[in-house]
Amino acid sequence: MFVVMAATASEADVLGVKSAILAEGLTPFEHSRPERTAIAVIGEMGGRRAALMDRLAALSGVERVTPINRPFKLTSREFHPESTVVRVLDAVVGDGGLTVMAGPCSVESRDQLFETAEGVAAAGATILRGGAFKPRTSPYSFQGLGVEALRYLAEARDRAGLPVVTEVMEPSQVDIVAEYADILQIGTRNMQNYSLLTAVGRVARPVMLKRGYGATIEEWLMAAEYIVSSGNPNVILCERGIRTFETYTRNTMDLTAVPLLHGLTHLPIIVDPSHATGKRALVQPMALAGVGAGADGIMVEVHPRPDDALSDAEQQLDLPMFRSLMAVMLPLHAELRRLRDGVEATAPSTVAQRSRSALRAAGSR
Ligand code: PEP
Ligand code: MN
């Protein structure tokens, strides 16, 4: 449930509501909206829910108490109707622009990373990616350069002027990765590693949470809820394909997740056609499809010589392929945005109306 304060409520009223929530052994989460403050009540309520709603509704300055009928609370559109915009250095995710994260699957050497970083930056990428700690299916495969790669990433950020995103695989790595990287990535295999989610929830770095390859959308949002409820509101979701019976592709890219999630949650969502398809030739069409579905951004693996790559050789684009992708994708995004803005100008346009219609589109589950 969340408590909506009246427009005339004082700071003392807000404090009174928070103290009442704390006195119940529950946690208040404040969200100051432009017109009024809302306070989510988080924790196990058991049988006292109805009585508690009545008690909170009677407090000074409270306009109403609204239940959140979904298991995810802080990440839900009901509680937080405005879309979350994540800002990191000069990059902005979720403001209607197109974020393009590009770079090698693994950082293999200083030269390989710098060559890629300069190439993708020149082509218009907004964030540099590169794996330092690699989650590999085989223990005999290249496991990443670890801290050495983090140092190269930090240098590449300064040279290319792009923030960097890299994966963190366990709680003990969070501090060192946060020291060098601008965005912490949680990979598909760790989406439900709750101690890791809680650990990244406590650092002042945005988190990109990839969808577990066997996770439902609800499980994915519950994983995001762990991060946000641990204190970190800057979460970016990344659809990277789920495992199905199909074997021609590495995974099946679930593009329905994009418009569905825009209705269910305020968090930005980007798509990763590289891991979703596993095949270089499929990356451009599926990146364009992601833009068409309304994604806030794309993550693409790029390597100067993909055939020599130490990981994911079959799916990485070379720099000319990346430039061709950008040459189509950026104008496509701009044109779609222009068309959508045109429709919105003649249709219901307040944030509340838009989020209500998005919620309807996402169904009542
Ligand atoms: C990656 O992006 O480097 C990666 C390993 O992706 P995923 O966790 O989606 O497999
Ligand atoms: Mn990869």
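Not measured: the values here are computed from a predicted model. (Residues numbered from 1 in each chain as written. Chains lettered and ligands numbered in written order. Predicted model: local features only at pLDDT ≥ 70, side-chain atom pairs only at ≥ 80, totals over all residues. Heavy atoms only, no water.)

Q: Help me understand the site of ligand 1, please; the structure alone is not making it clear to me.
A: Taken together, the residues surrounding ligand 1 are Arg129, Lys134, Glu167, Gln185, Gly187, Thr188, Arg189, Lys210, Arg240 and His275. Side-chain polar atom of Arg129 to an oxygen atom of ligand 1: 2.7 Å apart, as the coordinates give it. Within the side chain of Lys210, a nitrogen or oxygen atom sits 2.8 Å from an oxygen atom of ligand 1. Relative to its unbound accessible area of 300 Å², ligand 1 is 97% covered by the protein chains. (Near = heavy atom within 4 Å. Polar contact = N/O pair within 3.5 Å; in protein donor to acceptor, adjacent residues only side chain to side chain. Areas by Shrake-Rupley, 256 points an atom, 1.4 Å probe, with all protein chains shown as cover.)

Q: Hey, could you run me through the packing of aromatic side chains in this one?
A: Here the distance between the centres and the angle between the planes together describe a pair of aromatic rings. Scanning the model with the defined rule gives two aromatic pairs in all. Pairing Phe2 with Phe79 gives two aromatic rings, centres 5.6 Å apart and planes at 65°, and the pair type is edge-to-face. In this pair, Phe2 sits in strand E1 (residues 2–5) while Phe79 sits in the loop between strand E4 (62–66) and strand E5 (86–88), placing the two residues 77 residues apart along the sequence. Residue classification places Phe2 among the buried residues on the basis of a relative accessible area of 4%. On the accessibility criterion, Phe79 (3% relative accessible area) is buried. Ring geometry for Tyr194 and Tyr226: centres 4.4 Å apart, planes at 25°, overall stacked. Residue Tyr194 is found in helix H6 (residues 194–200), and its partner Tyr226 is found in helix H7 (residues 217–229); the two are separated by 32 residues along the sequence. The exposure class of Tyr226 is partly exposed, given its relative accessible area of 35%. Above the face of the Tyr213 ring, Arg243 is positioned so that its terminal group lies 4.9 Å from the ring centre. (Phe/Tyr/Trp six-rings, centres within 6.5 Å; stacked < 30°, edge-to-face > 60°. Helix = DSSP H or I, 4+ residues; strand = E, 2+ residues; numbered from the N terminus. Buried < 20%, exposed > 50% of the residue type's maximum accessible area, 1.4 Å probe, protein only. Lys NZ or Arg CZ within 6 Å of the ring centre and 35° of its normal.)

Q: Hey, could you run me through the pattern of salt bridges in this one?
A: Think of it this way: side chains of opposite charge can pair up when their charged atoms draw near. The tally for this structure, following the rule as stated, stands at 18 salt bridges. Of the charged contacts, one joins Lys210 and Asp272 as a salt bridge, the two residues approaching to 2.7 Å between their closest N and O atoms. One end of the pair, Lys210, is in strand E11 (residues 207–210); the other, Asp272, is in the loop between strand E13 (269–271) and helix H9 (273–277), and 62 residues separate them in sequence. When its relative accessible area of 4% is taken as the criterion, Lys210 is described as buried. Its relative accessible area of 0% is what places Asp272 among the buried residues. (Salt bridge = Lys/Arg side-chain N within 4 Å of Asp/Glu carboxyl O.)

Q: Quick question: what am I supposed to make of the coordination of the manganese ion (ligand 2) here?
A: Tetrahedral coordination by four donors places them ideally at 109.5 degrees to one another around the metal; octahedral coordination by six donors ideally gives 90 or 180 degrees. Around the manganese ion (ligand 2), the donor atoms from the protein are Cys105 (SG), His275 (NE2), Glu301 (OE) and Asp312 (OD), and they sit 2.0 to 2.4 Å away. Each donor residue of the manganese ion (ligand 2) lies on one chain, and together they are spaced C-x169-H-x25-E-x10-D. Pair noted here: Cys105 is in the loop between strand E7 (99–103) and helix H3 (110–122) and Asp312 is in the loop between strand E14 (297–301) and helix H11 (319–346), with a separation of 207 residues, a long-range link. The residues Cys105 and Asp312 share a single accessibility class, namely buried. (Donors = N, O, S within 2.8 Å, 3.2 Å for Na, K, Ca; no water.)

Q: Help me understand the side chain of His266, please; the structure alone is not making it clear to me.
A: Summarising the element assignment, His266 is placed in the loop between helix H8 (257–264) and E13. Looking at His266, its side chain comes within polar contact range of the main-chain oxygen of Leu74, at 2.8 Å. Setting aside residues up to four positions removed in sequence, His266 forms contacts with Leu74, Thr75, Ser76, Arg77, His80, Glu82, Ser83 and Thr84. (Contact = heavy atoms within 4.5 Å.)

Q: Got a minute to help me understand unusual backbone geometry in this structure?
A: Trans is the common state for peptide bonds, and a negative phi is the common state for residues other than glycine. Notably, Leu89 is not glycine yet its phi reads approximately 50°, a positive angle. Its place among the elements puts Leu89 in the loop between E5 and strand E6 (91–93). Take Leu89: its relative accessible area is 56%, and that puts it in the exposed class. In this model, Asp312 sits at a positive phi of 50°, which is unusual for a non-glycine residue.

Q: I tried to follow helix H1 (residues 11–23) on my own but got confused; where do I start?
A: Because an α-helix completes one turn every 3.6 residues, residues spaced three or four positions apart along the sequence face the same direction. With 13 residues, H1 extends 18 Å between its outermost C-alpha atoms, agreeing within 8% with the 18 Å of an ideal straight helix rising 1.5 Å per residue. Those residues of H1 that fall on the buried side of the exposure criterion are Asp13, Val14, Val17 and Ile21. Seen from one end, H1 has its buried residues packed into an arc of 100°, which puts them on one side. Facing away from the buried surface of H1 by more than 90 degrees, the exposed residues are Glu11, Ala12, Leu15, Leu22 and Ala23. On its buried face, H1 is in contact with E1, strand E2 (27–32), strand E3 (37–42), helix H2 (49–57) and E4. (Expected span 1.5 Å × (residues − 1). Arc of directions from axis to C-beta.)

Q: Help me understand the sheet that holds strand E10 (residues 183–186), please; the structure alone is not making it clear to me.
A: Strands belonging to one sheet form pairs held by backbone hydrogen bonds; the direction of such a pair is parallel or antiparallel. Around the barrel, which closes on itself, the eight strands sit in the order E7-E8-E9-E10-E11-E12-E13-E14 with parallel pairing between neighbours. Each adjacent strand pair in this sheet contributes to an overall mean axis angle of 25°, direction not counted. Packing of H8 onto the sheet brings it into contact with strand E12 (235–239) and E13, and relative to E13 it is tilted by some 170°. (Pairing = 2+ DSSP bridges. Axes fitted to C-alpha atoms, helices over the stretch in contact; angles between N-to-C directions.)

Q: Can you help me understand the domain arrangement of the protein chain in this one?
A: Interface size is commonly expressed as the accessible area that is lost once the parts come together. Domains assigned within the protein chain are domain 1 (2–66) and domain 2 (86–330). Taking the mean C-alpha position of each, domain 1 and domain 2 sit 37 Å from one another. (Domains from an automatic or database assignment.)

Q: Is there a simple way to think about the sheet that holds E1 in this case?
A: Reading across the sheet, the four strands line up as E2-E3-E1-E4 and stay open at both edges, with antiparallel pairing between neighbours. Only two strands of the sheet have a single neighbouring strand rather than two, namely E2 and E4. Mean inter-strand twist for the sheet, computed between neighbouring axes without regard to direction, equals 20°. Taken together, the three bridges between E1 and E3 define a ladder with antiparallel strand orientation. Residue pairing for E3: Val4 is matched across the bridge by Ala38. Packed onto the sheet, H1 meets E1, E2, E3 and E4 and runs at close to 150° relative to E2. Strands in contact with H2 are E1, E3 and E4; relative to E4, the strand with the most contacts, it is inclined by about 165°.

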